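Below, each chain spelled out in residue letters.
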Amino acid sequence: MEFDTGNVILDSKLKEWILWDKSEKSLSEIQQLLEGKEYEELEKRLCKRMEFGTAGLRARMGAGYSMMNDLTIVQTGQGLASYCEKVFPDIHQKGIIIGYDARYNSSKFAWLTASIFLQKKIPVYLFSSITPTPFVPYGVLHYGCKAGIMVTASHNPKEDNGYKVYWDNGSQIIPPHDSGISAEILANLEPLESSWDTSIVEKSQLCKDPYTTIKINYFTDVTKLCHHKGLNGMTKVKFTYTAMHGVGWHFCEDSFKAFGLPPFIPVTEQVEPDPEFPTVPFPNPEEGKSALNLSISTADKHGSTVILANDPDADRLAVAEKQPDGSWKVFTGNEIGALLGWWMFRCFKEINPGSFGPDVYMLSSTVSSAILKSIASKEGFSFEDTLTGFKWMGNRADELIKDGKTVLFAFEEAIGFMCGTNVLDKDGVSACAVMAEMATWLEDNGLTLTQKLNEIYTTYGHHKSNNSYFICHHKPTIDSLFSRLRNFSGENTYPTHMGKYAIKSIRDLTTGFDNNFSDNRARLPVSKSSHMITFQFENGCVLTLRTSGTEPKIKFYTEFCADPSKNLNPDDVVQELELMVKALIDDFLQPEKNNLIWRKS
């Protein structure tokens, strides 16, 4: 079959796609674009591949190498299976585990992946139904698998899907495995005829369903996080819960049962899985009140004072609390991290009086609040920050555990929380029950979540954050913006001020520059695949600018950490931070010049 689009490379890719693709739906999609002479669109889809990285894959579903579809999943599965065989001599004994969420095509992508591993005589634990993402890393450790795969796009729009990979330590992959897997994908692009045969999933004795076993064992282990079961059963707090049209409903019901908590009030319009996400165009509880409108109306109707919300794959948790004036406070990820961190330490100290110290750890990502660092400094345990993403915290937690340390808690500001180490990744199912128990205990002691948060900041210092992002669909503009910051007043020079605010130090984890050290070399891992620069200011403020690995965003994170001994007014701290954000936008981001769209909090 020959084509004449006027682009030799596109002609070649068209021929290749039609030869390799066995899906009638995606073949028809390509054929329609070809008949309509949509050559520019075809070039976008066929002449550039999705990049496999530490976040795995995440993209829009559709036909073409730049999208999530049957063929690109087959190619990814072939490459991953080949890499696993090279890295793990015992892969044929230990096998892998595969889960999937309720999005369109998730179960099909999981079955295609399973069939590829089974054809290679590699055992596969394939969940027979939808699961929360935390079940996969938990399952890796439970069965001693060499890898885990979760088919999910988390909180992305309904058009997207994704492919997240865990390694044999139960944590998400980090370098060099991302580049190793990517290389094997490129070396195994031509699909084998057998890779399309999903009938092997039902026939092979090497394929087992882990659903019941993992569910029973997971919720047995969840009870290790419960410390007040008797009190929980008598709670006066009414909880409202939403699954955001995802998988979390029944699993969070089970987590409440494991903690002895009475049933929560479900947001009926949102608790059933629905890949259309009909009530939320962007199913992300991190978006605040705009995503929690139905939850708030449900809570108000039933006299509930606390809202708990999972994202669609239930690995993250959002929390809101009704205030005395009838309004609702939606807690930021940093605020939830402060509450859960305080609670996890309090419970640990109650069980282990006097036995905590430098061998007890909490972790957070470098763009998250430094509140855990402040608590650790005062209470005497250890704190570390890592690069952005739970892949780094999970792997660091694994290292610490193997070194005989105790890891109590880890969090990232993007409402991701790891309570304990049953799962070495963020887990919204366990965090949901832990938060409910904390709210119950606080209510019994005459406190609300909001009041306790204020107590934490009064004790350890006010940590005020102002985080948001700008959308930019033009990657060269993003690159140019960051290049300007790295060559601000000449080649390889960074700014010394942002408006009137003097900069104390700079860390650039894209280039490896860090003038906090005499050799100007960063100590945290460097990644050239994304932009990330952190500025520390003379007034104590910290600002990080970074690009997203999965979305067309420039994210900014600012935090003012006030010394508790100075008794600063929280409102003054917030006002100063707002002025700094304005200086950031005017001096560094220049949205009008760069055509950036601001998502205001």
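Right above here is the structure, for reference.
The sections below set out a description of the structure shown in this document. Keep in mind it's a predicted model, so treat the numbers as computed, not measured.

### Remarks on the pattern of salt bridges
Here is step 1 of the chain: Considering all chains together, one arrives at 30 salt bridges under this definition.
Here is step 2 of the chain: For D359, the salt bridge goes to K405, with nearest N and O atoms at 2.9 Å. Of the two residues, D359 sits in the loop between α14 (333-351) and β12 (360-365) while K405 sits in the loop between α16 (390-402) and β14 (406-412), which places them 46 residues apart along the sequence.
Here is step 3 of the chain: Residue D359 is classed as partly exposed on the basis of its relative accessible area of 42%.
Here is step 4 of the chain: Here K402 ties to D398 by a salt bridge, and the two come within 3.0 Å at their closest N and O atoms. Here K402 pairs with D398, and both are found in helix α16, just four residues apart, close to one helical turn.
Here is step 5 of the chain: Residue classification places D398 among the buried positions, given a relative accessible area of 10%.
Here is step 6 of the chain: Through salt bridges with shared partners, a single ionic network connects K164, D315, E412 and K426.

### Some thoughts on the side chain of N169
Here is step 1 of the chain: Along the chain, N169 falls in the loop between β5 (160-167) and α8 (177-187).
Here is step 2 of the chain: In terms of polar contacts, N169 uses its side chain to reach the backbone amide nitrogen of S171, at 3.0 Å.
Here is step 3 of the chain: When near neighbours in sequence (up to four residues on either side) are disregarded, N169 contacts L141, N395, D398, K402 and L424.

### Examining the packing of α14 against helix α18 (residues 449-460)
Here is step 1 of the chain: As a packed pair, α14 and α18 sit with axes 10 Å apart at the nearest point and diverge in direction by 80°. Classified by the angle between their axes, α14 and α18 sit roughly perpendicular to one another. Listed contacts from α18 to N334, E335, A338, L339 and W342 of α14 are L449, K452, L453, I456 and Y457.
Here is step 2 of the chain: Here the residues of the contact of α14 with α18 sort into seven nonpolar, one polar and two charged.

### Describing unusual backbone geometry
Here is step 1 of the chain: In this chain, P175 is followed by P176 through a cis amide linkage whose omega measures 10°.
Here is step 2 of the chain: Locating P176 in the fold gives a position in the loop between β5 and α8.
Here is step 3 of the chain: Unusually for a residue other than glycine, F277 sits at a positive phi of about 45°.
Here is step 4 of the chain: Mapped onto the secondary structure, F277 falls in the loop between β8 (265-266) and α13 (293-302).
Here is step 5 of the chain: Residue F277 is classed as buried on the basis of its relative accessible area of 5%.

### Here's the deal with helix α15 (residues 371-379)
Here is step 1 of the chain: Burial in α15 covers these residues: I371, L372, I375 and A376. Viewed end-on, α15 has its buried residues packed into an arc of 135°, placing them on one side of the element. Residues of α15 that are exposed and angled more than 90 degrees away from the buried face: K373, S377 and K378.
Here is step 2 of the chain: In this fold, the buried residues of α15 make contact with α14, β12, β13 (382-386), β14, α18 and β16 (463-465).
Here is step 3 of the chain: Phi for G380, located one or two positions after α15, is positive at around 95°.

### Overview of the nonpolar core
Here is step 1 of the chain: Ranked by size, the top nonpolar core spans 91 residues in total, and within it L308, F409 and L449 carry the most contacts.
Here is step 2 of the chain: With 11 residues, the single largest contributor to this core is helix α17 (residues 428-444).
Here is step 3 of the chain: What F409 contacts, discounting residues up to four positions off in sequence, is G337, L340, G341, M344, Y361, M362, L363, L372, F417, M418 and C419.
Here is step 4 of the chain: L46, F52, I149 and L189 belong to the second largest nonpolar core, which has 54 residues in total.

### Things to note about the environment of N232
Here is step 1 of the chain: Tracing the sequence through the fold places N232 in helix α11 (residues 229-232).
Here is step 2 of the chain: Separated by 208 residues in sequence, N232 and T440 place their C-alpha atoms 6.4 Å apart.
Here is step 3 of the chain: Once you skip the residues sitting within four places of it in the chain, N232 turns out to touch C226, F259, G260, L261, P262, E437 and T440.

### Structural notes on the environment of G549
Here is step 1 of the chain: Checked against the element boundaries, G549 lands in the loop between β22 (541-547) and β23 (553-561).
Here is step 2 of the chain: Along the sequence, G549 and N284 sit 265 residues apart, while their C-alpha atoms lie 17 Å from each other.

### Examining the sheet that holds strand β1 (residues 57-60)
Here is step 1 of the chain: The strand order β1-β5-β4-β2-β3-β6 describes an open sheet built from six strands, whose pairing is mixed. The open sheet has two free edges, formed respectively by β1 and β6 (207-208), since each of these has just one partner strand.
Here is step 2 of the chain: Taken together, the five bridges between strand β2 (residues 96-100) and strand β4 (residues 147-151) define a ladder with parallel strand orientation. If you follow I98 over to β4, its bridge partner there is I149.
Here is step 3 of the chain: Relative to the sheet, helix α4 (residues 70-87) contacts β1, β4 and β5, its axis offset from that of β5 by approximately 5°.

### Digging into helix α7 (residues 135-143)
Here is step 1 of the chain: Within α7 the residues assigned to the buried category are F135, V136, P137, Y138, G139 and V140.
Here is step 2 of the chain: In this structure, the buried side of α7 is in contact with β2, β4, β5, α10 (211-222) and α12 (249-258).
Here is step 3 of the chain: Following α7 by one or two positions, G144 adopts a phi angle in the positive range, close to 70°.

Cut-offs applied
- Residues numbered from 1 in each chain as written.
- Predicted model: local features only at pLDDT ≥ 70, side-chain atom pairs only at ≥ 80, totals over all residues.
- Heavy atoms only, no water.
- Salt bridge = Lys/Arg side-chain N within 4 Å of Asp/Glu carboxyl O.
- Helix = DSSP H or I, 4+ residues; strand = E, 2+ residues; numbered from the N terminus.
- Buried < 20%, exposed > 50% of the residue type's maximum accessible area, 1.4 Å probe, protein only.
- Polar contact = N/O pair within 3.5 Å; in protein donor to acceptor, adjacent residues only side chain to side chain.
- Contact = heavy atoms within 4.5 Å.
- Axes fitted to C-alpha atoms, helices over the stretch in contact; angles between N-to-C directions.
- Parallel < 35°, antiparallel > 145°, perpendicular 65-115°, else oblique.
- Nonpolar A, V, L, I, M, F, W, Y, C, P; charged D, E, K, R; others polar.
- Arc of directions from axis to C-beta.
- Core = buried A, V, L, I, M, F, W, Y, C linked by side-chain atoms within 4.5 Å.
- Pairing = 2+ DSSP bridges.

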